[in-house]
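For reference, the chains in residue letters:
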Amino acid sequence: MSAPSSDEICAMRITTKSRYGTRMVLDIALHGEEGPVPISDIAKRQGISEKYLEKLINELKKSGFIKSRRGVGGGHSLARPASQITVGDIVRALEKTECLAPCSECGECNRAGQCMTRGIWIEAAQAMMNTLDSMTIESLLSDCPCR
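Please read all numbers here as calculations on a predicted model, not as lab measurements.

Caption draft 1: Molecular detail of the packing of aromatic side chains. One pass over the full model with this rule turns up one aromatic pair. Ring centres of Y20 and Y52 lie 5.7 Å apart, and the angle between their planes is 90°; on these two criteria the pair is classed as edge-to-face. With Y20 in helix α2 (residues 16–31) and Y52 in helix α4 (residues 50–62), this pair connects stretches of sequence that are 32 residues apart.

Shown next as structure tokens:
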């Protein structure tokens, strides 16, 4: 995935989609070593509705992070190694065009062109994404007391 532009970073915010999506991917990585993980199991462990998880799974499948198998013994697994999926990847896949700050890309701010603080929010968003990009699913699992 290519690096987002300054405007794309400014237009990004972290919603429950990203928080729940990250929890779901971690759950699949943790419990998927012996085969696909049923969505009902993830929902019970994470306290998230199956319907909401299905929406997240579909987005993460489109982005190439999750694969699914139907039928008996079916469920969901990581489509690539946990070491190759970052929290930043998940956030980008799930947030798409939501706004963190009302900048010009969102069409909410009539001062975007002359805003004296816009650079602050862009820099803060870039720092946040750099941090999220440095965290792989594998590194989060190795730090997890759940193992």
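Caption draft 2: Region of interest: the pattern of salt bridges. Considering all chains together, one arrives at three salt bridges under this definition. The shortest N-O distance in the salt bridge between E59 and K62 comes to 3.6 Å. In this pair, E59 and K62 both sit in helix α4, three residues apart, roughly one turn of the helix.

Caption draft 3: Highlighting the pairing of strand β2 (residues 75–78). The alternating pattern of β2 places G75 and S77 on one face and H76 and L78 on the opposite face, and all of these are buried. One ladder, built from four bridges, connects strand β1 (residues 66–69) with β2; its direction is antiparallel. Bridge assignment links I66 to a residue of β2, and that residue is L78. In this antiparallel pair of consecutive strands, β1 and β2, the connection spans five residues, and G71 shows a positive phi of 90°.

Caption draft 4: Expanded view of helix α6 (residues 118–133). Taking 1.5 Å of rise per residue, the 16 residues of α6 would be expected to cover 22 Å, and the 22 Å separating its terminal C-alpha atoms lies within 8% of that figure. Those residues of α6 not exposed but buried are R118, I122, A125, M129 and L132. End-on, the buried residues of α6 take up no more than an arc of 90°, which puts them together on one face. Turned more than 90 degrees away from the buried face of α6 sit E123 and N130, all of them exposed.

Caption draft 5: Summary view of the side chain of D27. Structurally, the position occupied by D27 is in helix α2. Apart from the residues lying within four places of it in its own chain, the contact partners of D27 are G32, V37, I42, R45 and Q46.

Caption draft 6: Just the environment of I28, in detail. Mapped onto the elements of the fold, I28 is located in helix α2. Classification of I28 by relative accessible area gives buried; the value is 2%. The spacing of I28 and I42 is 14 residues in sequence and 7.6 Å in space, taken between C-alpha atoms. What I28 contacts, discounting residues up to four positions off in sequence, is V37, I42, I66, H76, S77 and L78.

Caption draft 7: Molecular detail of α2. The terminal C-alpha atoms of α2, which comprises 16 residues, lie 22 Å apart, in line with the 22 Å expected from a rise of 1.5 Å per residue. Taken residue by residue, α2 has S18, G21, T22, M24, V25, L26, D27, I28 and A29 as its buried positions. If you follow the buried residues of α2, they end up packed against α3 (39–46), α4, β1, β2, α5 (87–95) and α7 (137–143).

Caption draft 8: Expanded view of the nonpolar core. Core analysis: the largest hydrophobic core is formed by 24 residues, its most contacted members being M24, L53, L60, L78 and I137. Of all the secondary-structure elements, those providing two or more residues to this core are α2, α3, α4, α5 and α7. When residues of this core are assigned to their parent elements, the largest contribution, five residues, is made by α2.

Rules of the game
Residues numbered from 1 in each chain as written. Predicted model: local features only at pLDDT ≥ 70, side-chain atom pairs only at ≥ 80, totals over all residues. Heavy atoms only, no water. Phe/Tyr/Trp six-rings, centres within 6.5 Å; stacked < 30°, edge-to-face > 60°. Helix = DSSP H or I, 4+ residues; strand = E, 2+ residues; numbered from the N terminus. Salt bridge = Lys/Arg side-chain N within 4 Å of Asp/Glu carboxyl O. Buried < 20%, exposed > 50% of the residue type's maximum accessible area, 1.4 Å probe, protein only. Pairing = 2+ DSSP bridges. Expected span 1.5 Å × (residues − 1). Arc of directions from axis to C-beta. Contact = heavy atoms within 4.5 Å. Core = buried A, V, L, I, M, F, W, Y, C linked by side-chain atoms within 4.5 Å.

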